[in-house]
Amino acid sequence: MGFPKIRMRRLRNSPAMRRLVCETTLSVEDFVYPLFVRDGEGIKEPIKSMADCFHFSPDTVAVEAAEVAGLGIAAVLLFGLPREKDKLGSRAWVEDGVVQRAIREIKKEVPELLVITDICLCAYTEHGHCGVIKDGKIDNDETCKLLAKIALSHAQAGADIVAPSDMMDGRVKYIREAMEENSFKDVAIMSYAAKYASAFYGPFRDAAESAPSADFAGTSLCDRKTYQMDPANVNQAMAEIAADIEEGADIVMVKPATAYLDIIYRARQRFDCPIAAYNVSGEYMMVNCAAAQGLVNKEDTMMEMLTAIKRAGANIIITYFAKEAAKMTSK
Ligand code: PBG
């Protein structure tokens, strides 16, 4: 029985045969490209902690967005670096805020490109937390009110999808209600539903200047563990995702991606809405650094990583590799 009737290698004998039986194909439609926008004009500065990534200003990000759209990528995800931070993060919801301006510039330049915006306070608050601090704690419900204000201001500027990344309870409900009440019923919500308290966000926090303040060393506010999830938990991720769908999320996200493929897989088995996975800055830089040292081939490692994320069940992959991967998939 079995061998030699069964020879698995028959199906691996040539590139054409391998293509024929290939079970997972990456395509440019899978990718979302994150962009960092800073207040100012004419800015295009390399980000030190993240290879091939830049800080743009609202005018230059529109040019970059046009290039991204030209590669066939359907959506960008915007992160803002405000000109000033304060206790509440009030530059996050003002009409002339950096993201609000960037949305308008991009929509002028490339109206067909989907604009997704990160909804969070961490880059806008002096203390670097994703929520309002009251009596030494992150105040969940007060934070939700501000998140809804941010989301509404992005919708008013023309955002297609708002993506809350703060991990407060109930934020999707608050945001969905704000959209309904203000005639933005078609603005979609992509919630960072299962977002883990991960060390893989390191390079991003440098790029977005959004790390919790060093003044919190030794206190319960020294990290994001009172709101982001414990990497050891999986059932809790399913409960987080179910809650966000119930509150009105259209797309749910698992983040990070590569070390959390089991979460993506389980979510895909269990829920029917589109599932996004965020291939985060640390995953991106591990490949870049290993490649720079000649330890791995960058393109091959990148494509293997992205294929694994898709194979696990992600429908949307948010990745700093999007432009390079888009070029590879169209080859
Ligand atoms: C902000 C936010 C973070 C990331 C996306 N949105 C950082 C964090 O939660 O500290 C990480 C993205 C990445 O590492 O690429 N809430």
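If you're wondering where the values come from, they're calculated on a predicted model, not measured in any experiment.

S.K.: Please provide a residue-by-residue account of the packing of aromatic side chains, values included.
M.R.: Applying the stated rule across the entire model yields ten aromatic pairs. Where Phe79 meets Phe204, the ring centres are 4.9 Å apart and the plane angle is 75°; that geometry is what we call edge-to-face. Of this pair, Phe79 sits in strand E4 (residues 75-81) while Phe204 is found in helix H6 (residues 202-208), placing the two residues 125 residues apart along the sequence. Both residues of the pair, Phe79 and Phe204, count as buried. Plain terms: the ring middles of Tyr192 and Tyr278 are 6.2 Å apart, the flat faces sit at 40° to each other, and that makes the pair tilted. Here Tyr278 lies in strand E11 (residues 275-279) and Tyr192 lies in strand E9 (residues 188-195), a separation of 86 residues in the sequence.

S.K.: Describe the pattern of salt bridges, with residues and values.
M.R.: According to the stated counting rule, one finds 20 salt bridges in the structure shown. Notably, a salt bridge pairs Arg101 with Asp39, separated by 2.7 Å at the nearest N-O pair. With Arg101 in helix H3 (residues 98-109) and Asp39 in the loop between strand E1 (31-38) and strand E2 (44-46), the pair connects residues that are 62 residues apart, well separated along the chain. Arg101 gets classed as partly exposed once you look at its relative accessible area, which sits at 23%.

S.K.: Before we move on, can you summarise the site of the ligand with the specific residues and values?
M.R.: Neighbouring the ligand are 18 residues, the closest being Lys195, Arg205, Lys255, Ser281 and Tyr320. Arg224 places a polar side-chain atom, nitrogen or oxygen, 2.9 Å from an oxygen atom of the ligand. A per-class count over the shell around the ligand returns ten nonpolar, three polar and five charged.

S.K.: Just give me the short version of the environment of Pro58, but keep the residues and values in it.
M.R.: Residue position: Pro58 is located in helix H2 (residues 58-70). For the pair Pro58 and Gly80, spaced 22 residues apart in sequence, the C-alpha separation works out to 9.7 Å.

S.K.: Account for the pairing of strand E5 (residues 114-119), with residues named and values stated.
M.R.: Judged by how many residues are buried, E5 sits mostly within the fold: five of six residues are covered. Bridge analysis of E4 against E5 gives four bridges, and the strand direction is parallel. Within the sheet, the bridge partner assigned to Leu78 lies in E5 and is Thr117. Between E4 and its parallel partner E5, the chain crosses via H3, and the hand of that crossover is right-handed.

S.K.: Account for the nonpolar core, with residues named and values stated.
M.R.: In terms of nonpolar packing, the biggest core is built from 117 residues, with Phe36 and Leu78 touching the most fellow members. When residues of this core are assigned to their parent elements, the largest contribution, eight residues, is made by helix H4 (residues 140-157).

About the cut-offs
- Residues numbered from 1 in each chain as written.
- Predicted model: local features only at pLDDT ≥ 70, side-chain atom pairs only at ≥ 80, totals over all residues.
- Heavy atoms only, no water.
- Phe/Tyr/Trp six-rings, centres within 6.5 Å; stacked < 30°, edge-to-face > 60°.
- Helix = DSSP H or I, 4+ residues; strand = E, 2+ residues; numbered from the N terminus.
- Buried < 20%, exposed > 50% of the residue type's maximum accessible area, 1.4 Å probe, protein only.
- Salt bridge = Lys/Arg side-chain N within 4 Å of Asp/Glu carboxyl O.
- Near = heavy atom within 4 Å.
- Polar contact = N/O pair within 3.5 Å; in protein donor to acceptor, adjacent residues only side chain to side chain.
- Nonpolar A, V, L, I, M, F, W, Y, C, P; charged D, E, K, R; others polar.
- Pairing = 2+ DSSP bridges.
- Right-handed = clockwise from strand over helix to strand, strands pointing away.
- Core = buried A, V, L, I, M, F, W, Y, C linked by side-chain atoms within 4.5 Å.

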